Amino acid sequence: MVDKQVGWGAEHADVLVLGIETSCDETAASVVKGGRMILSNVIASQVELHRLYGGVVPEIASRKHIELIMPVIDLALKKAKIKPTDLDCIAVTYGPGLVGALLVGLSSAKAMALALGCPLIGINHIEGHIYANVLEHKDVEPPLVCLTVSGGHTDLLYIDAYGDYKILGRTRDDAAGEAFDKIARVLGLDYPGGPEIAKQALSGDPKAIDFPRGLIHEDTYDFSFSGLKTAAINHVHNLQQKGETLPISDIAASLQAAIVDVLVHKTLAAASAYKVDTILLSGGVGANEALRDQLRQDAQALGINLYYPSKVLCTDNGAMIACAGHYRFLKGQQSPWDLNAAPQLRLGDPV
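Just so it is clear, the model here is predicted, and its values are computed rather than measured.

So, on to the overall build of the protein chain. Per the secondary structure count, the protein chain includes eleven helices and ten strands. For 351 residues, the compact-globule formula gives about 20 Å, and the C-alpha radius of gyration of the protein chain, at 20 Å, lands near that figure. Seen through its C-alpha atoms, the protein chain measures out along the principal axes to roughly 65 × 45 × 30 Å. The buried share among the 351 residues of the protein chain stands at 53%. Across the protein chain, contacts joining residues at least 24 apart in sequence account for 75% of those joining residues at least 6 apart. Carbon together with sulfur atoms contributes 51% to the accessible area of the protein chain, which is approximately 14,700 Å² in total. Here the protein chain contributes 30 positive and 40 negative side-chain charges, whose respective centroids are spaced 3 Å apart.

Pasting the structure below:
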């Protein structure tokens, strides 16, 4: 019998978990062994499809997930060189995300789990991002502070023990990734906007425009990027109305600097307040090099270790869902068959 008091870093070498992720525009499936070994990680991206519209179209995303879900799962099993009957459990994202997209993955996971007679484990997408670090950094142990930054979420967490999350701060309006995407669209850059902003910022001056740093001096770990987004849009419109050429690189660099400053400041403040020596960075925006570099440098100056996943595990993937599912499986947790998609799910909400 598996020890239900197992901690964050504990492993069970023979456990095989299939992780399914369909919260937005990636159809992903992965087989993870022992909580740490990725046997397969298949990701079918819809970026090119949604680029035509400058952003994700929910109905199109859902229909594409329906087309791709079973081929992606089949390929994940094939690459892992296992049969479906070898699986010990199936983990699947049930929120947050686009409701139609979530339902495709959840329905597929339920059907497989029921047919195979194995446990179904629903995973919060944000929790999955945290576990991307566990896959790659075997020496990571709580207590620690984790910054999870993606297109729809900016969460700052204190993690005292495995599965024990204290929400220190969340975005009050727009997430950091959303600000990147919206301003990129105003600047006429390709979707997804975050990587395009980062690319343009390489040749820009981060001090060219003094964009606001929302809530940076407030006594809160919450985030707010709506004011920054509005300021950047107004700046662009003012230049356009005057007939001036847009200094796209300078705008991108200044926008990126404003977002990074806030994220780094609040994360380090939380780490100092909670007296931890470890910080995790996760989520799609966690792939941003400027954020990684500044957070690493400032953390090192305080004697704090920083960990983040490889870029492929920063974006949505099934491996992080399988890893999170592994540790819930070891604790004897299982989701009910009537588990439904929860598009507005937040970390800490009950299943």
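With that out of the way, let us pick up the pairing of strand 8 (residues 164-170). The pairing of strand 7 (residues 154-161) with strand 8 spans six bridges and is classified as antiparallel. Bridged to A161 within strand 8 is D164. The loop that links strand 7 with its antiparallel partner strand 8 comprises two residues; one of these, G163, has a positive phi angle of about 75°.

Turning next to the packing of aromatic side chains. Summed over the entire model, instances satisfying the criterion amount to three aromatic pairs. Here Y131 and Y327 contribute two aromatic rings whose centre-to-centre distance is 5.8 Å and whose plane-to-plane angle is 25°, an arrangement assigned as stacked. With a gap of 196 residues between them, Y131 in helix 4 (residues 125-136) and Y327 in helix 11 (residues 318-330) connect regions that are remote in the sequence.

Bringing the nonpolar core into the picture now. The nonpolar side chains of a soluble globular protein tend to be buried, and buried together. By size, the foremost hydrophobic cluster in this structure holds 47 residues, and its most contacted members are I197, F211, F225, L255, I259, L263 and L281. Sorting the residues of this core by element identifies strand 6 (144-149), strand 7, helix 5 (176-186), helix 6 (193-201), helix 7 (226-241), helix 8 (248-273), strand 9 (278-282) and helix 9 (289-301) as the ones contributing at least two each. Sort the elements by how many residues they give to this core and helix 8 lands first, with 13 residues. Each residue touching I197, except ones within four places of it in the same chain, is listed here: F180, A184, L187, L189, A252 and L255.

Where helix 5 contacts helix 7, the axes come no closer than 10 Å and their chain directions differ by 10°. With respect to each other, helix 5 and helix 7 are oriented roughly parallel. Along its contact with helix 5, which presents E178, K182, I183 and V186, the element helix 7 presents K229, A232, I233 and V236. Here the residues of the contact of helix 5 with helix 7 are counted per class, giving five nonpolar, no polar and three charged.

The next thing to look at is helix 11. Taking 1.5 Å as the rise per residue, helix 11 with 13 residues should run 18 Å; its terminal C-alpha atoms sit 18 Å apart, in good agreement. For helix 11, a buried count of twelve out of 13 residues is recorded, marking the element as mostly surrounded by other parts of the structure. Considered for burial, the residues of helix 11 that qualify are G318, A319, M320, I321, A322, C323, A324, G325, H326, Y327, R328 and L330. The positive-phi residue at the C-terminal boundary of helix 11 is G332, with phi of around 80°.

For the coordinates displayed, the defined rule picks out 13 salt bridges. A salt bridge links E59 to R63; its shortest N-O distance comes to 2.8 Å. With E59 and R63 both in helix 2 (residues 58-80) and four residues apart, the pair spans about one turn of that helix. Classification of R63 as exposed rests on a relative accessible area of 53%. With a shortest N-O distance of 3.8 Å, K83 and D86 are connected by a salt bridge. Of the residues examined, D86 reaches a relative accessible area of 29% and is grouped as partly exposed. Each of the salt bridges in this network shares a partner with another, and the network as a whole consists of D210, R213 and D261.

To continue, consider the sheet that holds strand 6. The mixed open sheet is built from five strands, whose spatial order is 8-7-6-9-10. Looking at strand neighbours, the two that pair on one side only are strand 8 and strand 10 (305-307), the edges of this open sheet. Ignoring which end each strand starts from, the neighbouring axes of this sheet average 25° apart. Strand direction decides the pairing type here: strand 9 and strand 10, joined by three bridges, are parallel. Bridge assignment links I279 to a residue of strand 10, and that residue is L306. Against the sheet, helix 9 engages strand 9 and strand 10, with an angle of about 175° to strand 9.

Structurally, N133 is set in helix 4. Note: C-alpha distance between N133 and Y308 (175 residues apart in sequence) is 5.9 Å.

Here we have five strands laid out as an open sheet, ordered 3-2-1-4-5, and mixed in their pairing. Looking at the sheet topology across the chains shown, the edges are occupied by strand 3 (37-45) and strand 5 (120-124). On average, adjacent strands in this sheet sit at an angle of 20° to one another, irrespective of strand direction. In the sheet, strand 1 (residues 16-21) pairs with strand 2 (residues 26-33) via six bridges, with the strands oriented antiparallel. In the sheet register, L18 faces strand 2, and the bridge partner there is V31. Against the sheet, helix 2 contacts strand 1, strand 2 and strand 3, and its axis sits at roughly 25° relative to strand 2. Helix 11 contacts strand 1, strand 2, strand 3, strand 4 (89-95) and strand 5 of the sheet and is inclined by roughly 130° relative to strand 1.

Quick notes on the rules
- Residues numbered from 1 in each chain as written.
- Predicted model: local features only at pLDDT ≥ 70, side-chain atom pairs only at ≥ 80, totals over all residues.
- Heavy atoms only, no water.
- Helix = DSSP H or I, 4+ residues; strand = E, 2+ residues; numbered from the N terminus.
- Rg over C-alpha atoms; globule rule 2.2 N^0.38 Å.
- Buried < 20%, exposed > 50% of the residue type's maximum accessible area, 1.4 Å probe, protein only.
- Contact = heavy atoms within 4.5 Å.
- Areas by Shrake-Rupley, 256 points an atom, 1.4 Å probe, with all protein chains shown as cover.
- Lys, Arg positive; Asp, Glu negative; His and termini not counted.
- Charge placed at Lys NZ, Arg CZ, Asp CG, Glu CD.
- Pairing = 2+ DSSP bridges.
- Phe/Tyr/Trp six-rings, centres within 6.5 Å; stacked < 30°, edge-to-face > 60°.
- Core = buried A, V, L, I, M, F, W, Y, C linked by side-chain atoms within 4.5 Å.
- Axes fitted to C-alpha atoms, helices over the stretch in contact; angles between N-to-C directions.
- Parallel < 35°, antiparallel > 145°, perpendicular 65-115°, else oblique.
- Nonpolar A, V, L, I, M, F, W, Y, C, P; charged D, E, K, R; others polar.
- Expected span 1.5 Å × (residues − 1).
- Salt bridge = Lys/Arg side-chain N within 4 Å of Asp/Glu carboxyl O.

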